[in-house]
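Notes for the structure review
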Amino acid sequence: MTHAVVLGASMGGLLAARALVGSYDRITVVDRDPLPEDGGHRRGVPQAKHFHTILLRGEQALDGMFPGLTDELVAAGALRVGFNVDARFVLAGHPMVRADTGASDIQTTRPMLEGAVRAKVAQHPGVRLLPEHDVVGPVFENGRVVGVKVARDGAEEVLAADLVIDAMGRSGRARAWLASLGLPTPAEDRIEVDMMYASRLVRPPVPFPDKLVLVGPVPGRPTGFAFAAQEHGQWMVTQVGMAGDHPPTDEAGFLAFLERSAPPDVLDAVAASAPLTGIRTHRFPASLRRRYERLRQFPPGLLVFGDAMCSFNPIYGQGMTVAAMESEALRKCLRDGEADLAGRFFRAAAKIIDPVWQLNALGDLALPEITGHRSLSTKALNRYVARLQRVATHDPVAATAFIRTIGLLQPPSSILRPDVLARVVVGGVRRS
Ligand SMILES: Cc1cc2nc3c(=O)[nH]c(=O)nc-3n(C[C@H](O)[C@H](O)[C@H](O)COP(=O)(O)OP(=O)(O)OC[C@H]3O[C@@H](n4cnc5c(N)ncnc54)[C@H](O)[C@@H]3O)c2cc1C
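Residues numbered from 1 in each chain as written. Predicted model: local features only at pLDDT ≥ 70, side-chain atom pairs only at ≥ 80, totals over all residues. Heavy atoms only, no water.

In the annotation of an unreviewed UniProt entry, the protein chain is listed under the name 2-polyprenyl-6-methoxyphenol hydroxylase-like FAD-dependent oxidoreductase and assigned to Saccharothrix texasensis.

Written out as structure tokens, the structure is:
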């Protein structure tokens, strides 16, 4: 009987566990939190109180793993929101044309989404959830991970395992475990964004015409917001402030901060809405990427997954979609056998992460408030993207290219396709 243990039962851990189905007889998913059946909030996922979008690419991956999942979510009240038909984007200060880009997202509160995915994973025979167990550390034998020590109420237990996956989020421990064994540790890339989220759920008094309004930061105002429909008539108001320009949490301050970026109809709707929760905050100091794919030496029997490998700037809404893509990659790696599993998986994951990281860095570094090295190509690309965003205010082809690229439906090079480039050059000149 083969046994795999996944450490962390958030979206990353659950999607890693799904990839293991069919390759291991038993799969245990450990989390230190109770895992509420009603999909409620829990301490280990504090970000769940803020806007969480599943992009169309993530939806496709989720439906591949759990056929019918997103339709079931929609039937239960989640929204499938068409970009830009039902969604209004103002990026870098430019309101994007309301064309059908073919892209979309699924909007639910994060606990509803995670609860549904957890229920699907738990349905697989051989999968066991182990809540309220703290991960103490791995068990090594002859340089290989052969299990993991967990603790509940002070009582420790060893779970013997053929494979252990660290999916404990950005505080994931694999790096420290490598260091404790005297093994090389992965380099860390960081983009300091000094960001704060402040969010609350509200209920507008009258139906709001769009399903999502998203206004991004602009140079000189590193703040923005999302006003997003959620299940059962709830709306999430999420404000973000980067580079230390953080949203306040008192009622008047929250609305005053929103005034800096929101159009009048959103301001009016939020001001008139009934609050369903208090204003909750989340601090995000930096995007963080651990370069496991560059290690020459890594203990067999161990993998790292999800935010433990790369924690993206959340304003781009890509973390769960990337985790779903990593799950697809892990499944494929497992099908190809056990030899050098970690090396093959880390390289496959790096191919997924690379373009997303670069795209996000480009967005972050377009703000003069964000510190970081700007190469000549970064500066040139950012000038191009700024022009593309201007053209996308009236040109559906430019808007579609941009939205589908940041939605991870196509590679970043797509915004340089000749048809898009021509429009950017001509349209940019015409409108500037
Ligand atoms: C404010 C914010 C907004 C975001 N918005 C979006 C969005 O719109 N779209 C999107 O796709 N992504 C978004 N993300 C990213 C998304 O939340 C993560 O990518 C996603 O949750 C996958 O992360 P993970 O499962 O790898 O780690 P986490 O979600 O951090 O989960 C780690 C898990 O490990 C458990 N754990 C930790 N330590 C231990 C231990 N010692 N013992 C046992 N268990 C332990 C925790 O309880 C938790 O369940 C956002 C992130 C933030 C911070």
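**Focus: the sheet that holds strand β11 (residues 155-160)**
Spatial strand order, β9-β10-β11: three strands in an open sheet with antiparallel pairing. Both edges of this open sheet fall to β9 (134-141) and β11, since each of them pairs with a single strand only. Taking each pair of neighbouring strands and ignoring which way they run, the sheet shows an average axis angle of 30°. Pairing analysis gives six bridges linking strand β10 (residues 144-152) to β11, with the strands arranged antiparallel. In the strand pairing of β11, Val150 is matched with Glu157. (Pairing = 2+ DSSP bridges. Helix = DSSP H or I, 4+ residues; strand = E, 2+ residues; numbered from the N terminus. Axes fitted to C-alpha atoms, helices over the stretch in contact; angles between N-to-C directions.)

**Regarding the pattern of salt bridges**
If you walk through the whole model with that rule in mind, you get 30 salt bridges. For the salt bridge of Lys120 with Glu72, the shortest nitrogen-to-oxygen distance reads 3.0 Å. Here Glu72 lies in helix α3 (residues 69-75) and Lys120 lies in helix α4 (residues 110-122), a separation of 48 residues in the sequence. Assessed through its relative accessible area of 17%, Lys120 is described here as buried. (Salt bridge = Lys/Arg side-chain N within 4 Å of Asp/Glu carboxyl O. Buried < 20%, exposed > 50% of the residue type's maximum accessible area, 1.4 Å probe, protein only.)

**Here's the deal with the site of the ligand**
The environment of the ligand is formed by 33 residues, the closest being Ser10, Gly12, Asp31, Asp307 and Met320. Within the backbone of Gly12, a nitrogen or oxygen atom sits 2.7 Å from an oxygen atom of the ligand. Asp31 places a side-chain nitrogen or oxygen 2.5 Å from an oxygen atom of the ligand. Relative to its unbound accessible area of 1000 Å², the ligand is 95% covered by the protein chains. For the shell around the ligand, the secondary structure elements donating two or more residues are α1 (11-20), β9 and α8 (319-335). Here the residues of the shell around the ligand are counted per class, giving nine nonpolar, 16 polar and eight charged. (Near = heavy atom within 4 Å. Polar contact = N/O pair within 3.5 Å; in protein donor to acceptor, adjacent residues only side chain to side chain. Areas by Shrake-Rupley, 256 points an atom, 1.4 Å probe, with all protein chains shown as cover. Nonpolar A, V, L, I, M, F, W, Y, C, P; charged D, E, K, R; others polar.)

**Remarks on the pairing of β9**
Note: β9 against β10, seven bridges, orientation antiparallel. Within β10, the residue paired with Glu141 across the bridge is Arg144. What sits between β9 and β10 in their antiparallel hairpin is a turn of two residues, with Asn142 showing a positive phi close to 50°.

**Overview of the state of the cysteines**
Note on terminology: disulfide describes a covalent bond linking the sulfur atoms of two cysteines. Scanning all chains against the criterion turns up zero disulfides. With no disulfide partner, Cys310 has as its closest neighbouring cysteine sulfur the one in Cys333, 17 Å distant. (Disulfide = S-S within 2.5 Å.)

**Considering the environment of Ala48**
Residue placement: Ala48 occurs in the loop between β2 (26-30) and β3 (53-55). On the basis of relative accessible area, Ala48 is assigned to the buried category, the value being 7%. Measuring from C-alpha to C-alpha, the distance between Ala48 and His282 comes to 9.7 Å, with 234 residues separating the pair along the chain. Excluding residues that lie within four positions of it along the chain, Ala48 makes contacts with His41, Arg110 and Pro111. (Contact = heavy atoms within 4.5 Å.)

**Comments concerning the environment of Leu129**
Considering the arrangement of structural elements, one finds Leu129 in strand β8 (residues 127-130). Separated by 115 residues in sequence, Leu129 and Leu14 have C-alpha atoms that sit 9.7 Å apart. The residues touching Leu129, leaving out its near neighbours within four places in the chain, are Leu14, Val29, Leu35, Arg118 and Ala122.

**Some details on empty space enclosed by the protein**
All chains considered together, the criterion is met by one cavity of 30 Å³ or more. Of the pockets and cavities examined, the largest cavity occupies roughly 50 Å³. Taken together, Gly39, Gly40, His41, Arg42, Val45, Ala48, Pro111, Glu114 and Arg118 form the lining of the largest cavity. Here the residues of the lining of the largest cavity sort into three nonpolar, three polar and three charged. (1 Å grid on protein atoms, 1.4 Å probe; cavity = no way out; pocket = protein on both sides within 12 Å on 5 of 7 lines; lining within 4 Å. Points joined across faces, edges and corners; volume = space filled by probe spheres on them.)

**A look at the sheet that holds β3**
Within the open sheet, the three strands sit side by side as β3-β7-β4. Their pairing is antiparallel. The open sheet terminates on both sides in strands that have one partner only, identified here as β3 and β4 (79-83). Strand-to-strand twist in this sheet, taken as the mean axis angle between neighbours without regard to direction, amounts to 30°. With five bridges joining them, β4 and strand β7 (residues 103-107) adopt antiparallel strand pairing. Bridge assignment links Leu79 to a residue of β7, and that residue is Gln107. Along the sheet, helix α2 (residues 56-65) makes contact with β3, β4 and β7, crossing β3 at roughly 80°.

**Details of the domain arrangement of the protein chain**
Under the domain assignment, the protein chain is made up of domain 1 (3-33 + 122-187 + 291-360), domain 2 (190-285) and domain 3 (373-431). Inter-centroid distance (C-alpha atoms) of domain 1 to domain 3 is 36 Å. Residue-level contacts link seven residues of domain 1 with four residues of domain 3. Buried area between domain 1 and domain 3, summed over both chains or domains, comes out near 440 Å², and the portion from carbon and sulfur atoms is 85%. Area buried by domain 1 at its contact with domain 3 is led by Gln318, Pro355 and Leu359, which between them contribute 69% of it. Counting across the interface, domain 1 meets domain 3 through zero salt bridges. (Domains from an automatic or database assignment. Buried area = accessible area lost by both parts, 1.4 Å probe.)

**A look at the packing of aromatic side chains**
Counted by the stated rule, this structure contains nine aromatic pairs. Each ring, one from Phe208 and one from Trp235, has its centre 5.6 Å from the other, and the planes form 75°; the classification is edge-to-face. With a gap of 27 residues between them, Phe208 in the loop between β13 (188-203) and β14 (212-215) and Trp235 in strand β16 (residues 235-241) connect regions that are remote in the sequence. Under the relative-accessibility criterion, Phe208 is labelled buried at 11%. An aromatic cluster is built from Tyr292, Phe298, Phe305, Phe345 and Phe346, whose rings are joined through pairwise contacts. If you follow Arg170 out to its NZ or CZ, it ends over the ring of Phe284, 4.8 Å from the centre. (Phe/Tyr/Trp six-rings, centres within 6.5 Å; stacked < 30°, edge-to-face > 60°. Lys NZ or Arg CZ within 6 Å of the ring centre and 35° of its normal.)

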